Amino acid sequence: MQNPNGTILQLYHAGRLAAALRAFESLPSSSPASAAAAPAPLTAATYAALVSACSRLRSLPQGRRVHRHLVASSSSSPDAQLAGNTVLGNHLITMYGRCAAPDSARQVFDEMPARNPVSWASVIAAHVQNGRAGDALGLFSSMLRSGTAADQFALGSAVRACTELGDVGTGRQVHAHALKSERGSDLIVQNALVTMYSKNGLVDDGFMLFERIKDKDLISWGSIIAGFAQQGFEMEALQVFREMIVEGSHHPNEFHFGSAFRACGAVGSWEYGEQIHGLSIKYRLDRDLYAGCSLSDMYARCKNLDSARVAFYRIEAPDLVSWNSIVNAYSVEGLLSEALVLFSEMRDSGLRPDGITVRGLLCACVGRDALYHGRLIHSCLVKLGLDGDVSVCNSLLSMYARCSDLPSAMDVFHEIKDQDVVTWNSILTACAQHNHPEEVLKLFSLLNKSEPSLDRISLNNVLSASAELGYFEMVKQVHAYAFKAGLVDDRMLSNTLIDTYAKCGSLDDAMRLFEIMGNNRDVFSWSSLIVGYAQFGYAKEALDLFSRMRSLGIRPNHVTFIGVLTACSRVGFVNEGCYYYSIMEPEYGIVPTREHCSCIVDLLARAGKLTEAANFIDQMPFEPDIIMWKTLLAASKMHNDMEMGKRAAEGILNIDPSHSAAYVLLCNIYAASGNWNEFARLKKAMRTSGVKKSPGKSWVKLKGELKVFIVEDRSHPESEEIYAMLELIGMEMIKAGYVPKHSWKHAIVDHIDSDLFNEEMLAEYG
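Small disclaimer: the values here were computed from a predicted structure and weren't measured.

Reading guide: rules and limits
- Residues numbered from 1 in each chain as written.
- Predicted model: local features only at pLDDT ≥ 70, side-chain atom pairs only at ≥ 80, totals over all residues.
- Heavy atoms only, no water.
- Helix = DSSP H or I, 4+ residues; strand = E, 2+ residues; numbered from the N terminus.
- Buried < 20%, exposed > 50% of the residue type's maximum accessible area, 1.4 Å probe, protein only.
- Contact = heavy atoms within 4.5 Å.
- Salt bridge = Lys/Arg side-chain N within 4 Å of Asp/Glu carboxyl O.
- Polar contact = N/O pair within 3.5 Å; in protein donor to acceptor, adjacent residues only side chain to side chain.
- Patch = residues over 30% accessible without salt bridge, like charges linked within 9 Å, V, L, I, M, F, W, Y side chains within 5 Å.
- Areas by Shrake-Rupley, 256 points an atom, 1.4 Å probe, with all protein chains shown as cover.
- UniProt positions renumbered as here; feature names shortened; annotations may be inferred.
- Core = buried A, V, L, I, M, F, W, Y, C linked by side-chain atoms within 4.5 Å.
- Phe/Tyr/Trp six-rings, centres within 6.5 Å; stacked < 30°, edge-to-face > 60°.
- Lys NZ or Arg CZ within 6 Å of the ring centre and 35° of its normal.
- Expected span 1.5 Å × (residues − 1).
- Axes fitted to C-alpha atoms, helices over the stretch in contact; angles between N-to-C directions.
- Parallel < 35°, antiparallel > 145°, perpendicular 65-115°, else oblique.
- Nonpolar A, V, L, I, M, F, W, Y, C, P; charged D, E, K, R; others polar.
- pLDDT = per-residue confidence, 0-100.
- Disulfide = S-S within 2.5 Å.
- Arc of directions from axis to C-beta.
- Left-handed = near helix turned anticlockwise from the far one by under 90°.

Q: How do you make sense of the overall build of the chain when you look at a structure like this?
A: Looking only at helices and strands, the chain has 44 helices and two strands in total. Among the 766 residues that make up the chain, the fraction classed as buried is 47%. Within the chain, residue pairs in contact and separated by at least 24 positions form 60% of the contacts whose partners lie at least 6 positions apart.

Written out as structure tokens, the structure is:
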């Protein structure tokens, strides 16, 4: 090549950047091995063009080759000391910054014998561009201490660093410095400040500054529109977007449309979104990757999935982010089949799914019917190598839980190596939702030993299980842990602790924690304690708390009145209970719910006012539930009212024909009243329809381990010894004079028709 400088510069200025670099690489001395031996006679202008080409192409390997060639050539080049040329150094810093090599940019900067404001601005920008905002501010501070005046580029980069760090305080200082140095009116600085204020929640400050900009450009408009959209001021964002269109000085680009579409999606205004969609077609941006993805997402957020899909398919070259967006749009709506079709199309396009794709699909798997597809997705993510991603595994665990496959959820849990708090919360929640409180407590024992950062979700799950099992000791452990972890001041957790202490019968501990909360108490704190006292029959204490609560001006909620009505019911305060029920809606605006009505039914039934209770049920604005009928049925047994008991049992069986408790209670009523023929007929009906009494369940903690027992369960490894001990205890009870309440066999033999009971049934109740 006779004149490499002329050739390279000609190609560069013609925009043929890759060709210019190929011309450089074709030089005999362009390889690192021969660079020192026979350096090519390139000028500073040529090197600047080559570095700029690497910068624009984001080609770090070629940039490093040019840099090495420059260093090797500096001693013999016609332009002496090329390596120390400040302009070339600035180009190198910019190139390394754009090629994601901030450390190399800093090294070039540190080795420069002479720096100018461009050098400082370039190295600061290189760090901001690559997520080194803290280092960028450090460099900015060093620049000011060196006495170098910051230009608009350095100031703009410093403001962007403050934006990334969310450091508005330092950003205001930079803003003040810009005003003092008379750079505050520079457009680059103003745009950066608008972005900083808007992104960090100070939208009013950002908009005030935006309005002061005389010659707004696309970045100015885009910064304030994006700021409004991101901070929840969607209508303001759309208004500014409209003003930009009306002004007509600038045509919106894909980023303006993207922000506008996001604003429409956030407020669910697909009609306005359609108008902006039409405008994007006018500017030929509807097929743009960024704008098109935002458009599709807007329709999806507005629940218009058909339009979302059409918009997505119009994108010329959708990337993984676009595919994930449309797949998740269908997944969120529970349309698993459609999401899987899109997932298949995405893979056919050559794109490799990532964790976001898989998590979206897993979220759509709900219920047993989706378990098959969930297992297929599980298999797929293993093949993709995503089974090591904790967030993916957490979603997989939750999927199995939602599909009611708790064993598989437990398997996934145990296979996760780097379990985090989300993992533990997911499995604890799964066990709690599937009525396995004993598993929750076992897992908590492991969690307490292995995971130091429990949160209130974990502890609330454990407390819920402890309340169900009445496991007082575990409640104490959770309370102690919450104190050590600094969570004891969390109001929600404290309220849960009060509720759990009360449910476990430890009202003194509940009251002690309630008093410790002091001014941190809310209506839920009061209600939990009132309900706790009421459930254990401390009506006076519950009602005194209610009176104290009202005197402090705390408005009760619906739970508070459940506690108050329950308290009145437990001690027979019929008039008081009816009074409190009557003031709920007129004084506090609380419309009585089924729970409140159940309390009134219980109040009247316990007092023997069965007719009034039945009339109350008949006059309710909604259909009675099983709890009300069971309440009436139990009271009928207590007061030996066979007719009312029969009506209550029929009410239960109309709702749930297989409800064993209704049959059992009604049988007890017939037996207590001596109506053995009806007793036998009902027992025969139970056997014919396959209704069986639910087995009893009990538990005990032995040597630090929770033992659970179910009636007639032989699965325990020591079941033979357990049943042998039960027989011994039974014999000792009989020796001590224990006599069963009813001698069913003798009563049946003496009073019923032999056709109604066979020997097998007699043996069952004998």
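We are not done yet, so read on.
Q: Looking at this structure, I do not really get the pattern of salt bridges. What am I missing?
A: If charged atoms from side chains of opposite charge come close, those side chains can pair. Tallied over the entire structure, the rule returns 19 salt bridges. Among the ionic pairs, Arg-106 bridges to Asp-110, the shortest N-O distance being 3.1 Å. Taken together, the residues span about one helical turn, with Arg-106 and Asp-110 both in helix H7 (residues 102–111) at a distance of four residues. Given a relative accessible area of 41%, Asp-110 falls into the partly exposed group.

Q: Would you mind going over the side chain of Thr-631 with me for this structure?
A: Here Thr-631 shows up in helix H38 (residues 626–638). Looking at Thr-631, the relative accessible area reads 16%, which means it is buried. Among the polar contacts listed, one links the side chain of Thr-631 to the backbone oxygen of Ile-627, at a separation of 2.8 Å. When neighbours within four sequence positions are excluded, Thr-631 is seen to be in contact with Val-601, Asp-602 and Ala-605.

Q: Can you walk me through a nonpolar patch on the surface in this structure?
A: There is a patch of nonpolar side chains on the surface, built from Met-725, Leu-726, Leu-728, Ile-729, Met-731, Met-733, Ile-734 and Tyr-738 and spanning about 810 Å² of accessible area. Residue position: Met-733 is located in helix H42 (residues 719–735). Residue class for Met-733 comes out partly exposed when judged on its relative accessible area of 39%.

Q: In this structure, what is going on with the UniProt feature "repeat: PPR" (unreviewed entry) in the chain? I would like to understand it.
A: Mapped onto this structure's residue numbering, the UniProt feature "repeat: PPR" (unreviewed entry) falls at residues 116–150, 217–251, 319–353, 389–423, 490–520 and 522–556. Within the segment residues 116–150, helix and strand shares are 74% and 0% respectively, and the terminal C-alpha atoms sit 10 Å apart.

Q: What should I look at first to understand the nonpolar core in this one?
A: As a rule of thumb, nonpolar side chains are buried together in soluble globular proteins. Counting 210 residues, the largest nonpolar core has Ile-124, Leu-459 and Tyr-580 as its most contacted members. The greatest single-element share of this core, amounting to eight residues, is contributed by helix H4 (residues 44–57). In this view, Ile-124 contacts Ala-136, Leu-139, Phe-140, Met-143, Ala-154, Ser-157 and Ala-158; residues no more than four positions away in its chain are not counted.

Q: Honestly, the packing of aromatic side chains in this entry has me stumped. Any pointers?
A: The relative placement of two aromatic rings is captured by the distance of their centres and the angle of their planes. Applying the stated criterion across every chain, the model contains 20 aromatic pairs. Ring geometry for Phe-207 against Phe-210: centres 6.1 Å apart, planes inclined by 25°, an arrangement best described as stacked. Residue Phe-207 and its partner Phe-210 are both found in helix H13 (residues 203–212); the two are separated by three residues, about one turn of the helix. Classification of Phe-210 by relative accessible area gives buried; the value is 3%. The lysine or arginine in question, Lys-216, covers the ring of Phe-210, its NZ or CZ lying 5.0 Å from the ring centre. Lying over the aromatic face of Tyr-330, Arg-309 brings its terminal NZ or CZ to 5.4 Å of the ring centre.

Q: Please explain helix H34 (residues 558–571) as it appears in this structure.
A: Turn by turn, an α-helix covers 3.6 residues, leaving residues three or four places apart pointing in a common direction. With 14 residues, H34 should cover 20 Å at 1.5 Å per step; its first-to-last C-alpha distance of 21 Å lies within 8% of that length. When H34 is considered as a whole, its buried residues turn out to be Thr-560, Phe-561, Gly-563, Val-564, Leu-565, Thr-566, Ala-567, Cys-568 and Ser-569. Packing partners of the buried residues in H34 comprise helix H32 (523–535), helix H33 (539–551), helix H35 (574–588) and helix H36 (594–606). Where H34 begins, one side-chain oxygen reaches toward the backbone nitrogen of Val-559, 3.1 Å away; that side chain belongs to Asn-557.

Q: In this structure, what is going on with the environment of Ala-23? I would like to understand it.
A: Within the element layout of this structure, Ala-23 appears in helix H2 (residues 17–25). Spatially, the C-alpha atoms of Ala-23 and Thr-7 are 7.7 Å apart, while their sequence positions differ by 16 residues.

Q: Is there a simple way to think about the packing of helix H6 (residues 86–98) against helix H8 (residues 117–129) in this case?
A: At a minimum axis distance of 8 Å, the contact between H6 and H8 shows a crossing angle of 10°. Between H6 and H8, the crossing angle belongs to the class labelled roughly parallel. Of the residues in H8, those in contact with Thr-86, Asn-90, Ile-93, Thr-94, Gly-97 and Arg-98 of H6 are Val-118, Ser-119, Ser-122, Val-123, Ala-126 and Gln-129. Considered class by class, the residues forming the contact of H6 with H8 number four nonpolar, seven polar and one charged.

Q: I keep staring at the confidence of the model for the chain and nothing clicks. Help me out?
A: Low pLDDT marks stretches whose predicted atomic positions should not be read closely. Model confidence for the chain is summarised by a mean pLDDT of 84, while 86% of its residues fall at 70 or above. Considering each helix and strand of the chain separately, the mean pLDDT is smallest for helix H43 (residues 744–751), with a value of 43, and largest for H8, with 94. Considering only residues more than four positions removed or in separate chains, one finds that residues 31–39, a stretch of pLDDT under 50, has 11 contacts. Per-residue pLDDT stays below 50 along residues 742–766; that stretch engages in 36 contacts with residues further than four places along the chain or on separate chains.

Q: Help me understand the side chain of Asn-495, please; the structure alone is not making it clear to me.
A: When you line up the elements, Asn-495 lands in helix H30 (residues 491–503). Relative accessible area serves as the criterion here: at 8%, Asn-495 is assigned to the buried category. Of the polar contacts made by the side chain of Asn-495, one reaches the side chain of Asp-522; its length is 3.2 Å.

Q: What is the right way to read the state of the cysteines from this model?
A: As used here, a disulfide is simply a covalent bond connecting the sulfur atoms of two cysteines. For the coordinates displayed, the defined rule picks out zero disulfides. Cysteine Cys-264 remains unbridged, with the sulfur of Cys-302 as its closest cysteine sulfur at 7.2 Å. As a non-bridged cysteine, Cys-403 has Cys-365 as the owner of its nearest cysteine sulfur, 5.7 Å distant.

Q: Which parts of the structure should I look at to understand helix H1 (residues 4–13)?
A: Among the residues of H1, Pro-4, Asn-5, Ile-8, Leu-11 and Tyr-12 are the ones counted as buried. On an axial view of H1, the arc spanned by its buried residues comes to 140°, and they lie on one face. Residues of H1 that are exposed and point more than 90 degrees away from the buried face comprise Gln-10 and His-13. Positive backbone phi, at 85°, marks Gly-15, one or two positions downstream of H1.

Q: Explain unusual backbone geometry here, please?
A: One can expect most non-glycine residues to show negative phi and most peptide bonds to be in trans. One non-glycine residue with positive phi stands out, namely Ala-100, at about 60°. Mapping Ala-100 onto the fold places it in the loop between H6 and H7. Backbone geometry at Lys-303 places phi at a positive 65°, although glycine is not the residue there. Inspection of the secondary structure assignment puts Lys-303 in the loop between helix H18 (289–301) and helix H19 (305–313).

Q: What's the story with the environment of Arg-555 in this structure? I'm lost.
A: Following the sequence through the fold, Arg-555 ends up in the loop between H33 and H34. When the C-alpha atoms of Arg-555 and Val-523 are compared, they prove to be 7.2 Å apart, with 32 residues separating the residues in sequence. Beyond its immediate stretch of four places on either side in the chain, Arg-555 contacts Val-523, Met-549, Glu-587, Tyr-588 and Gly-589. Within the local environment of Arg-555, its side chain forms a polar contact with the backbone oxygen of Tyr-588, the two atoms lying 3.0 Å apart.

Q: What is the right way to read the packing of helix H20 (residues 320–332) against helix H21 (residues 336–348) from this model?
A: How two helices pack is summed up by the angle between their axes together with the distance between the axes. Axis separation between H20 and H21 bottoms out at 8 Å; the angle between their running directions is 165°. It follows that H20 is roughly antiparallel to H21 by the angle criterion. Judged by the twist between their axes, the crossing of H20 over H21 is left-handed. In this structure, H20 contributes Leu-320, Trp-323, Asn-324, Ile-326, Val-327, Tyr-330 and Ser-331 to the contact, and H21 contributes Glu-338, Ala-339, Leu-342, Phe-343, Glu-345 and Met-346. Of the residues that constitute the contact of H20 with H21, the class distribution is nine nonpolar, two polar and two charged.

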